[in-house]
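An overview of the molecular structure
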Amino acid sequence: MAKREANVAVLPNSNPLISSSDRESMKDNLFFTSSPLESIAGLWHEIHGARDWAGLLHPLHPLLRQELIKYGGFAQATYDGFDTDPSSHKCGSCRFGQETLFSQLGLSTAHYEVTRYLYATSRVKMLSSVARLKATTTWRRNSNWMGFVAVSSDEESQRIGRRDIVVAWRGTLTATEWIKNVQLWLKPLCGTAKVIHGFHSVYTSMYKSTPQYDKTSASEQFMNEVTRLVGKYRGEGEELSLTVTGHSLGGALAILSAYEAAAAKIPGLSRVSVFTFGAPLVGNKGFARELENLGVKVLRVVSKQDLVPKLPGTLLKRVYSHAGVVLSMDTASSLLLRRSLNHTASFHSLDTYLHFLEAIGSEARRDLALVNKSLGVLRKELSITAHWCWLKGLCSGQTWWSCGEGARRTQPGFVFPPFIFPFPF
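Below is a summary of the structure that appears in this document. (Residues numbered from 1 in each chain as written. Predicted model: local features only at pLDDT ≥ 70, side-chain atom pairs only at ≥ 80, totals over all residues. Heavy atoms only, no water.)

**Topic: the overall build of the chain**
The helix and strand inventory of the chain stands at 14 helices and ten strands. Taking all 425 residues of the chain together, 58% fall into the buried category. Long-range pairs, those at least 24 residues apart, make up 74% of the contacts in the chain between residues at least 6 apart in sequence. (Helix = DSSP H or I, 4+ residues; strand = E, 2+ residues; numbered from the N terminus. Buried < 20%, exposed > 50% of the residue type's maximum accessible area, 1.4 Å probe, protein only. Contact = heavy atoms within 4.5 Å.)

Listed below in C-alpha cells is the structure:
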C-alpha cells in the first residue's frame, strides 16, 4: 500500500523502473497512447469540483488523474510550441500554426481544436534593451505568444458529456515576464479583493501604438474568444463549460482569467473550473473569497519539493492567500528520478509534475523520455539523454517522435539558451 501523509500523494515503494521493452513500446506516440480515455460524462461535475474533489484526491481517482494529465498536456504545449530561437524572425511567437499545433506536439488524440492564439504584453520600459528576447528583428518587441483557446471535438464532447472550452496559459520564458513576476505588490481588483500587480499587468497590458498583437490585452483576447464560442455552441443547444489551465505564471493567469469569465456571467456558460500546476500565490484572502462566491472551482496540483507555490513567501501568509483545493504530491518518492535530485527547477518542471501523475497509475500515456526533455532528472539506468530537446528536434523543426527516439541514443551536450531563466514561475 502506498505511504500517505495528510495531504501528500506518494508512490508505492514497490514501483519498479520501466523496462526497456516497455519504453520501446511507447515510441510510436509520445503523448497519448492509442487507447481512448475513459468516459467521464457521469462523473464530470465531481471531476471538475462540484463537491470540491471530496473523496477523489487521496487516493487520487484514476479518472481525475487522466483528466489532470490531459489538461497538463495542454499547458505543456504552450512551452513546447514557443519559439525560443533568437535567430528566428518569429522568436517569441508560436513555432506552429493553429491548425498544426496539436499534431506537431503529439496531441492529436486529445480531440480538441485550437480556435485562437493568445498573446500577452510584458514590456519593461527602463530595461527594454535587456528585458526582451535577444534578437534585433524579433517577431514583436513587446508581446509574446502566451497560450491558446481550444474547443472539444464532437467525439470528446460525447466522452465528457458537454462542449468543453479549454484555455491554456504559458509560464515564464522571457526576461520581461520574469521581471513582472517579482512585482509583488497587491493591486485592488474589486471590494476587498487584491491581486499581485505583476501577474495582473501581464494579463491586462496593451500598447495601442504598436503592431497588431500589442493592441489588445490578453484579457480582451481571452474574453472575446470565449464569449464567441459560448454564443456559437449555446445557439446549437449544447451545455458548455470553461476549463482553464496553466503552469507557474500560467497558473496565475489561469486563475485571473477564470475569475474574469465567471464575473462576466456569460449567458450559457454553466461551469468555470481551473487546474493549475506549480502555481504561485495570486492574490489575497478577499480574492480567494471572490472566486469561491462566483463558483469558480480551482484545483492546484503542487509538489511539496517545489518552492514556487510558496512564493511570494510563507512569511507573508497574512497578506497573500491561495484559492481552491490543493493536491499535494511527494515528487521525490518517484523511483525513476535521480536520488540526488535537489535542483529547484527540476521539481518545478511541468514535465516532472506530469511524470508523477503518470507514475501514480498503472497505465502510462506519456513517454517517459519527455521528463528529460529540457532537464536531466531521470536515473541513468534508463539510458534517456538529458536535455535532449536542445540537442536536436525543436530548433531544427523535427517532430517529437523523431526527437524522442534520438533521446534514447544521443549523448548529452546541453547549452541552456541564454534568454530563458532556468527557474521560471
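Now that the structure has been shown, we can carry on.
**So, the nonpolar core**
Leu64, Leu68, Phe74, Leu101 and Phe148 are the most contacted members of the largest nonpolar core, which has 48 residues in total. Here the element with the most residues in this core is helix H3 (residues 62-80); it accounts for nine residues. Apart from residues lying up to four places away in sequence, Leu68 is in contact with Leu60, Phe275, Phe277, Leu299, Val301, Leu327, Leu354 and Leu357. Within the second largest apolar cluster, 47 residues are counted, among which are Val151, Tyr203, Ala261 and Val298. (Core = buried A, V, L, I, M, F, W, Y, C linked by side-chain atoms within 4.5 Å.)

**Overview of helix H10 (residues 285-293)**
Buried within H10 we find Gly286, Phe287, Ala288 and Leu291. Buried residues belonging to H10 abut strand E5 (186-190), strand E6 (193-196) and helix H9 (249-264). Of the residues flanking the start of H10, the one acting as N-cap is Asn284, its side-chain oxygen 3.2 Å from the backbone nitrogen of Gly286. Just past H10, the residue Gly295 takes up positive phi, approximately 80°. (Polar contact = N/O pair within 3.5 Å; in protein donor to acceptor, adjacent residues only side chain to side chain.)

**Some words on the environment of Thr276**
With respect to the element layout, Thr276 can be found in strand E8 (residues 269-277). When its relative accessible area of 0% is taken as the criterion, Thr276 is described as buried. Once the C-alpha coordinates of Thr276 and Leu249 are considered, the two residues, 27 residues apart in sequence, prove to be 9.7 Å apart. Those residues within four positions of Thr276 in sequence are excluded, and the remaining contacts are Gly246, Gly251, Ala254, Ile255, Leu299, Arg300 and Val301.

**Some details on the side chain of Ser303**
Tracing the sequence through the fold places Ser303 in strand E9 (residues 297-303). Take Ser303: its relative accessible area is 2%, and that puts it in the buried class. There is a polar contact of 2.7 Å between the side chain of Ser303 and the side chain of Thr331. Discounting residues that sit within four places of it in the chain, Ser303 has contacts with Met329, Thr331, Phe347 and Tyr353.

**Some points on H9**
Here H9 is 16 residues long and its end C-alpha atoms lie 23 Å apart, about the 22 Å a rise of 1.5 Å per residue gives. Of all 16 residues in H9, 13 are buried, a share of seventy percent or more. (Expected span 1.5 Å × (residues − 1).)

**Details of the pairing of E9**
Along any regular strand, the residues point their side chains to alternate faces of the sheet. In terms of burial, E9 is a largely internal element, seven of the seven residues being buried. Burial along E9 is two-sided: the face carrying Lys297, Leu299, Val301 and Ser303 and the face carrying Val298, Arg300 and Val302 are both buried. Bridging between E8 and E9 involves five bridges; their strand directions are parallel. Across the sheet, the residue bridging to Thr276 is Arg300, located in E9. (Pairing = 2+ DSSP bridges.)

**Remarks on the packing of aromatic side chains**
This structure, assessed with the given rule, holds eleven aromatic pairs. Note on Phe74 and Phe148: the rings are 6.3 Å apart at their centroids and 85° apart in plane angle, and the pair reads as edge-to-face. Taken together, the positions of Phe74 in helix H3 and Phe148 in strand E3 (residues 143-152) put the pair 74 residues apart, joining distant regions of the chain. Using a relative accessible area of 0% as the deciding quantity, one classes Phe74 as buried. Its relative accessible area of 0% is what places Phe148 among the buried residues. With a centroid separation of 6.0 Å and an interplanar angle of 75°, the aromatic rings of Trp169 and Tyr203 are classed as edge-to-face. Here Tyr203 lies in helix H7 (residues 197-204) and Trp169 lies in strand E4 (residues 163-169), a separation of 34 residues in the sequence. Under the relative-accessibility criterion, Trp169 is labelled buried at 0%. You can call Tyr203 buried: its relative accessible area is 3%. An aromatic cluster is defined as three or more aromatic residues linked by ring pairs; in this entry it consists of Trp53, Tyr71, Phe74, Phe102, Tyr112, Phe148 and Phe275. (Phe/Tyr/Trp six-rings, centres within 6.5 Å; stacked < 30°, edge-to-face > 60°.)

The quantities given are spatial measurements derived from coordinates; they are silent on function.
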